[in-house]
Amino acid sequence: MNILLYYAKLYKIFQVTLGMQLRKPTLKGLVLLILGLYGAKSFIISEVARQLLPLKSFSASRKMLTRFFAQPLETYRKVLEVFAQKVVEKLQDDKIVIILDYTRMPVINLDVLFASLPLEGRAIPIYFEILFPWMIEKGSQNLFEVNLVKKLREILPPYKDIVITWDRGFAK
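Calculation notes
Residues numbered from 1 in each chain as written. Predicted model: local features only at pLDDT ≥ 70, side-chain atom pairs only at ≥ 80, totals over all residues. Heavy atoms only, no water. Helix = DSSP H or I, 4+ residues; strand = E, 2+ residues; numbered from the N terminus. Buried < 20%, exposed > 50% of the residue type's maximum accessible area, 1.4 Å probe, protein only. Contact = heavy atoms within 4.5 Å. Areas by Shrake-Rupley, 256 points an atom, 1.4 Å probe, with all protein chains shown as cover. Expected span 1.5 Å × (residues − 1). Arc of directions from axis to C-beta. Core = buried A, V, L, I, M, F, W, Y, C linked by side-chain atoms within 4.5 Å. Pairing = 2+ DSSP bridges. Axes fitted to C-alpha atoms, helices over the stretch in contact; angles between N-to-C directions. pLDDT = per-residue confidence, 0-100. Phe/Tyr/Trp six-rings, centres within 6.5 Å; stacked < 30°, edge-to-face > 60°. Parallel < 35°, antiparallel > 145°, perpendicular 65-115°, else oblique. Left-handed = near helix turned anticlockwise from the far one by under 90°. Nonpolar A, V, L, I, M, F, W, Y, C, P; charged D, E, K, R; others polar. Polar contact = N/O pair within 3.5 Å; in protein donor to acceptor, adjacent residues only side chain to side chain.

## A closer look at the overall build of the protein
Across its full length, the protein carries 6 helices and 4 strands. Among the 172 residues that make up the protein, the fraction classed as buried is 36%. Contacts in the protein between residues far apart in sequence, at least 24 positions, make up 52% of those at least 6 positions apart. With the model as given, the accessible surface of the protein reaches about 10,900 Å², and the carbon-plus-sulfur share is 59%.

Structure follows, in structure tokens:
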């Protein structure tokens, strides 16, 4: 993976998509995090930092990632909301298909519910919520899923028709 090329392309995409919603250091951290996660296929900061060696030293990458993760959860939520909204606005179709799917993150042992757009045979995540164990009580997982769909309807453009699809795991 040519990390320098991907960094420049991804940075430009996020800069255009999110506009001035993020400060430069936050935007840079987000792009580096995405590239590092993709390369490392892990959420362990030291493994992610190793993937960024062509761009930064290991200690500088680790320090930057640690600072990035120290931001309040609401910062990430706002970034995701703006990103999802801007991506869907750019799509030409009036009917948008959103795929819902759970993924288990093995290192942190949590389930994450992703909302993704189908693109060329792949699902591109545009929004997600983490399902913490304390949230799972009788019926609360269904409520969690319904709330994610409601949140998507709030943040996505109202003039777009949203079609939600999912697999058999949601047939409860």
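## Digging into helix 6 (residues 140-155)
Taking 1.5 Å per residue as the helical rise, helix 6 with its 16 residues ought to reach 22 Å, and the 22 Å between its terminal C-alpha atoms agrees with that figure. Restricting attention to buried positions, one finds in helix 6 the residues Ser-140, Phe-144, Glu-145, Leu-148, Leu-152 and Ile-155. Projection of helix 6 onto a plane perpendicular to its axis shows the buried side chains occupying an angular sector of 150°, all on one side. Exposed residues lying more than 90 degrees from the buried face of helix 6 are Leu-143, Lys-150 and Glu-154.

## What about the nonpolar core?
Residues Val-31, Ile-98, Ile-126, Tyr-127 and Leu-152 are the most contacted members of the largest nonpolar core, which totals 40 residues. Those residues in contact with Leu-152, other than ones at most four positions away along the chain, are Ile-98, Leu-100, Ala-115 and Tyr-127.

## Structural notes on the sheet that holds strand 4 (residues 161-166)
Within the open sheet, the 4 strands sit side by side as 3-2-1-4. Their pairing is mixed. Because the sheet does not close on itself, it has two edges, and the strands there are strand 3 (122-131) and strand 4. The mean inter-strand angle of the sheet, taken between neighbouring strand axes irrespective of direction, is 30°. Relative to strand 2 (residues 110-119), strand 1 (residues 95-105) runs antiparallel, the two being bridged by 7 bridges. Looking across to strand 2, one finds that Asp-101 is bridged to Phe-114.

## Side note on the confidence of the model for the protein
Summing up the model confidence of the protein, the mean pLDDT is 78 and the portion of residues at 70 or higher is 85%. Least confident of the elements in the protein is helix 1 (residues 3-18), whose mean pLDDT is 74; most confident is strand 4, at 89.

## Here's the deal with the packing of aromatic side chains
Counted according to the given criterion, the structure contains 1 aromatic pair. Consider the rings of Phe-114 and Phe-128, whose centres lie 5.6 Å apart with planes at 45°: the pair is tilted. With Phe-114 in strand 2 and Phe-128 in strand 3, the pair connects residues that are 14 residues apart, well separated along the chain.

## Considerations on the packing of helix 2 (residues 24-40) against helix 4 (residues 58-69)
The N-to-C vectors of helix 2 and helix 4 enclose an angle of 110°; their axes lie 10 Å apart at closest approach. Between helix 2 and helix 4, the interaxial angle falls into the category roughly perpendicular. For the pair helix 2 and helix 4, the sense of crossing is left-handed. Taken together, the residues of helix 4 that come into contact with helix 2 (itself represented by Thr-26, Gly-29, Leu-30, Leu-32 and Leu-33) are Met-64, Leu-65, Phe-68 and Phe-69. A per-class count over the contact of helix 2 with helix 4 returns 7 nonpolar, 2 polar and no charged.

## Some remarks on the side chain of Glu-129
Within the fold, Glu-129 resides in strand 3. The class of Glu-129 is buried, set by a relative accessible area of 16%. Side-chain polar atoms of Glu-129 contact the side chain of Tyr-127, separated by 2.8 Å.

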